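Working through the structure, step by step
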Amino acid sequence: MLAQLSRYNAGGNVMTISNSTSAAGPLIERIAAIVGPQGLLTEPRDLEPYVVDWRGIYRGATPAVVRPASTEQVAAVVKLCTETATPIVPQGGNTGMCGASVPHADGSEIVLSLARMNRVLEVDALNNTMTVEAGCVLANIQQAAAEANRLFPLSLGAEGSCQIGGNLSTNAGGVNVLRYGNARDLVLGLEVVLPDGGIWNGLRGLRKDNTGYDLKQLFIGAEGTLGIITAAVLKLFPRPAATATAWTAVPHPEAALEFLALLRRHCGDRVTAFELISRNCLDLVLRHVPGTRDPLAKERNWYALVDLSDSHSGHALRSELELALEAAMEDALVLDAVVAENEGQSKALWRIRESIPEAARGEAGMLYRHDISVATSRIPAFIEEARAALEHRFPGVDVICFGHLGDGNLHYNAFIPGRSRIAAAARVARDVTDLVYDIVQRYHGSFSAEHGIGLAKIEELRCYKSAIEIELMRTLKHAIDPGNIMNPGKVL
Ligand code: FAD
Ligand code: ZN
């Protein structure tokens, strides 16, 4: 189901429920007794930021936003909700892409925000771990790691507002997956409040622990449907002393892939990020984002943005990158390149990449987004086949293709210029998306590489996951949350 189709109570039709008159009244009073006045919001204007997703696509309603200050408070609230069969929507920074953090429009669900549980509990530099509460904002975690001369590598555009509990619940990706993995790979231990109000304390900082099922991984990527993550033990890494960034023009995606292989041969796991960008993405940014310019003199069709990082000095790292670039040019894998000479230049190159979604919004027309993955080796064939199929079916379509080539993950968006939002019937959206996902399916890929399912992709889940996988997921959900109070209606 497409976002445009599945608007939750679209059109701003918010249900507001007054405490004094609703059936929720006595429950709210009991919750207030647990979390105190600071831990509860019930005024409609206070609730507003919690009932709409950041893109404004999904709008729900809730009688209350509960903001506990401790794991014990979370557990007591969840226990009460189980007793009264009151559904709960856990919420972090509310930056998710699939509507998973927004309550149902019927006003039956409470929102449980982790925002007040924002303490870094421990940094163990010699164990290379930190223990944090779930409501810590990602940028603050990165900062706390840096203060201990370590790196917490998870990094994404929303890092100033998203919370680690949300990052883990969506198994967030971002730009450093190539070297450090997804959020799932960065966790050693979890604390979770289960749907019956029990607390599972799995806050162990162990790198080896083969004592049965790896339970933490169940809750990571579960989008709040199995329990509430209240704290986590995260992995830390040596803090790079230097980064080297290059903006390179490549003749085509196959060459980009060969270039990535060459870079890894030359520079090993110092290759931290490798982003593929099509020319029309750069054009969009140059048109809509003030202060940007084409980094190269000559226009080319495809680009790769590359980051290396290491504990060597910046000079040595830049020389290494330059040597690899020379080799890639000799093999005709790279046509032109510019290496950033300082942090400012590096930031300017990354700004181009990070501004693409914003720039696309500035264009008149309809953008159909797809966050897909296929085996990295098959990316070039996928790009070509999907482009040809889209152009055949929708003459005039523009493919806005960019993303994390090294992870096999592309933001493969189809842009139909000139169509007004109203004229773009839901059916067209559906046709575009079905066409792309059917090809993804043939490539044994994923229709949601980074952003999850939430409300936005429930229909795709039913369509593209095997019956066995769906049945296993339902069995797990039922076993852990038999009363279906944890974020009901999302994912499954
Ligand atoms: P929310 O949106 O609040 O919640 C997301 C889901 O997690 C919901 O299902 C919610 O119920 C659940 N949840 C939240 N906290 C908890 C908890 N403590 N326990 C249990 N369940 C919980 N995502 C990427 O993967 N890669 C990117 O590069 C990326 N870039 C982005 C750039 C921008 C500008 C924006 C706005 C978003 C981007 N995102 C990206 C999407 C989003 O930032 C991530 O999904 C992020 O991990 C969500 O974190 P959050 O705290 O905002 O979670
Ligand atoms: Zn991405």
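Overview of the structure. (Residues numbered from 1 in each chain as written. Chains lettered and ligands numbered in written order. Predicted model: local features only at pLDDT ≥ 70, side-chain atom pairs only at ≥ 80, totals over all residues. Heavy atoms only, no water.)

A few words now on the overall build of the chain. What the chain contains, in helices and strands, is 16 helices and 19 strands. A compact globule built from 492 residues would reach a C-alpha radius of gyration of about 23 Å, and the chain, at 23 Å, matches this within 12%. With respect to the principal axes defined by its C-alpha atoms, the chain has extents near 75 × 60 × 45 Å. The burial tally for the chain puts 53% of its 492 residues in the buried class. Counting 46 positive and 55 negative side-chain charges, the chain places the averaged centre of each group 2 Å from the other. (Helix = DSSP H or I, 4+ residues; strand = E, 2+ residues; numbered from the N terminus. Rg over C-alpha atoms; globule rule 2.2 N^0.38 Å. Buried < 20%, exposed > 50% of the residue type's maximum accessible area, 1.4 Å probe, protein only. Lys, Arg positive; Asp, Glu negative; His and termini not counted. Charge placed at Lys NZ, Arg CZ, Asp CG, Glu CD.)

On to the coordination of the zinc ion (ligand 2). Taken together, the protein ligands of the zinc ion (ligand 2) are His 404 (NE2), His 411 (NE2) and Glu 450 (OE), with distances of 2.2 to 2.3 Å. Coordination of the zinc ion (ligand 2) draws on donor residues from a single chain, spaced H-x6-H-x38-E in sequence. Of the two residues, His 411 is situated in strand S19 (residues 409–417) and Glu 450 in the loop between helix H14 (426–442) and helix H15 (458–464); the sequence distance between them amounts to 39 residues. Each member of the pair, His 411 as well as Glu 450, carries the same accessibility label: buried. (Donors = N, O, S within 2.8 Å, 3.2 Å for Na, K, Ca; no water.)

Glancing now at unusual backbone geometry. Of note in the backbone geometry, Ala 85 takes a positive phi value of approximately 50° without being a glycine. With a phi angle near 55°, Asn 94 is a residue other than glycine that sits in the positive phi range. For Asn 94, the position within the fold is in the loop between strand S3 (88–91) and strand S4 (110–113). The exposure class assigned to Asn 94 is buried, which follows from its relative accessible area of 9%.

With 13 residues, helix H3 (residues 71–83) should reach 18 Å at 1.5 Å per residue; the first-to-last C-alpha distance of 18 Å fits that figure. Those residues of H3 that sit buried are Thr 71, Gln 73, Val 74, Ala 75, Val 77, Val 78, Leu 80 and Cys 81. A positive backbone phi angle near 50° is found at Ala 85, which sits one or two residues after H3. (Expected span 1.5 Å × (residues − 1).)

The next thing to look at is the packing of aromatic side chains. Counted by the stated rule, this structure contains nine aromatic pairs. Centroid distance Phe 447 to Tyr 464: 5.8 Å. Interplanar angle 40°. Geometry classified as tilted. Pair noted here: Phe 447 is in the loop between H14 and H15 and Tyr 464 is in helix H15, with a separation of 17 residues, a long-range link. Accessibility assignment for this pair places Phe 447 and Tyr 464 in one class, buried. (Phe/Tyr/Trp six-rings, centres within 6.5 Å; stacked < 30°, edge-to-face > 60°.)

What follows covers the pattern of salt bridges. In the structure shown here, the tally under the stated rule is 23 salt bridges. The closest approach of N and O atoms between Asp 294 and Arg 279, which form a salt bridge, is 2.9 Å. With Asp 294 in the loop between helix H9 (279–288) and strand S14 (302–310) and Arg 279 in helix H9, the pair connects residues that are 15 residues apart, well separated along the chain. Given a relative accessible area of 17%, Asp 294 falls into the buried group. Overall, the relative accessible area of 10% leaves Arg 279 in the buried class. Between Glu 299 and Arg 279 there is a salt bridge; the shortest N-O distance is 3.7 Å. Of this pair, Glu 299 sits in the loop between H9 and S14 while Arg 279 sits in helix H9; the two residues are 20 residues apart in sequence, bridging distant segments of the chain. Through salt bridges with shared partners, a single ionic network connects Arg 279, Asp 283, Asp 294 and Glu 299. (Salt bridge = Lys/Arg side-chain N within 4 Å of Asp/Glu carboxyl O.)

With that settled, the discussion passes to the sheet that holds S4. Taken together, the four strands give an open sheet; going across it, the order is S1-S2-S4-S3, and neighbouring strands pair in mixed fashion. Lying at the two open borders of the sheet, with one neighbouring strand each, are strand S1 (40–41) and S3. Summarising the sheet, S1 and strand S2 (residues 65–66) pair through two bridges and their orientation is antiparallel. Directly across from Leu 41, in S2, lies its bridge partner Val 65. (Pairing = 2+ DSSP bridges.)

Interaxial distance between helix H1 (residues 25–35) and H3 falls to 9 Å at its minimum, and their mutual angle equals 165°. As far as their axial angle goes, H3 and H1 are roughly antiparallel. At the point where H1 passes H3, the crossing takes the right-handed sense. In this structure, H1 contributes Leu 27, Arg 30, Ile 31, Ile 34 and Val 35 to the contact, and H3 contributes Gln 73, Ala 76, Val 77, Leu 80 and Glu 83. Across the contact of H1 with H3, the residue classes break down as seven nonpolar, one polar and two charged. (Axes fitted to C-alpha atoms, helices over the stretch in contact; angles between N-to-C directions. Parallel < 35°, antiparallel > 145°, perpendicular 65-115°, else oblique. Left-handed = near helix turned anticlockwise from the far one by under 90°. Contact = heavy atoms within 4.5 Å. Nonpolar A, V, L, I, M, F, W, Y, C, P; charged D, E, K, R; others polar.)

It is worth spelling out the side chain of Thr 248 at this point. On the secondary structure map, Thr 248 appears in strand S12 (residues 242–250). Owing to a relative accessible area of 0%, Thr 248 belongs among the buried residues under this scheme. Polar side-chain contacts of Thr 248 include one of 2.8 Å to the backbone oxygen of Ala 304. In this structure Thr 248 touches Phe 259, Leu 296, Trp 302, Tyr 303, Ala 304, Leu 325, Val 334, Asp 336 and Ala 337, once residues within four positions along its chain are discounted. (Polar contact = N/O pair within 3.5 Å; in protein donor to acceptor, adjacent residues only side chain to side chain.)

Another aspect to go through is the site of ligand 1. Among the 34 residues in the neighbourhood of ligand 1, the closest are listed as Pro 90, Gly 92, Gly 93, Thr 95 and Gly 96. At 2.8 Å from an oxygen atom of ligand 1 is found a main-chain nitrogen or oxygen belonging to Gly 92. Protein coverage of the free-state accessible area of ligand 1, which is 980 Å², stands at 91%. Residue assignment for the shell around ligand 1 shows that the elements contributing at least two residues are S3, helix H5 (164–169) and strand S10 (228–235). (Near = heavy atom within 4 Å. Areas by Shrake-Rupley, 256 points an atom, 1.4 Å probe, with all protein chains shown as cover.)

In a beta sheet, neighbouring strands pair by backbone hydrogen bonds and run either parallel or antiparallel. Spatially, five strands are ordered S5-S6-S10-S8-S9 in an open sheet, and the strand pairing comes out antiparallel. Lying at the two open borders of the sheet, with one neighbouring strand each, are strand S5 (120–124) and strand S9 (199–202). Each adjacent strand pair in this sheet contributes to an overall mean axis angle of 10°, direction not counted. With four bridges joining them, strand S8 (residues 187–193) and S9 adopt antiparallel strand pairing.

The two faces of S9 differ: Trp 200 and Gly 202 on one face are buried, but Ile 199 and Asn 201 on the other face are not. The hairpin formed by S8 and S9 contains five residues between the paired strands, and Gly 197 there has a positive phi angle of roughly 90°.

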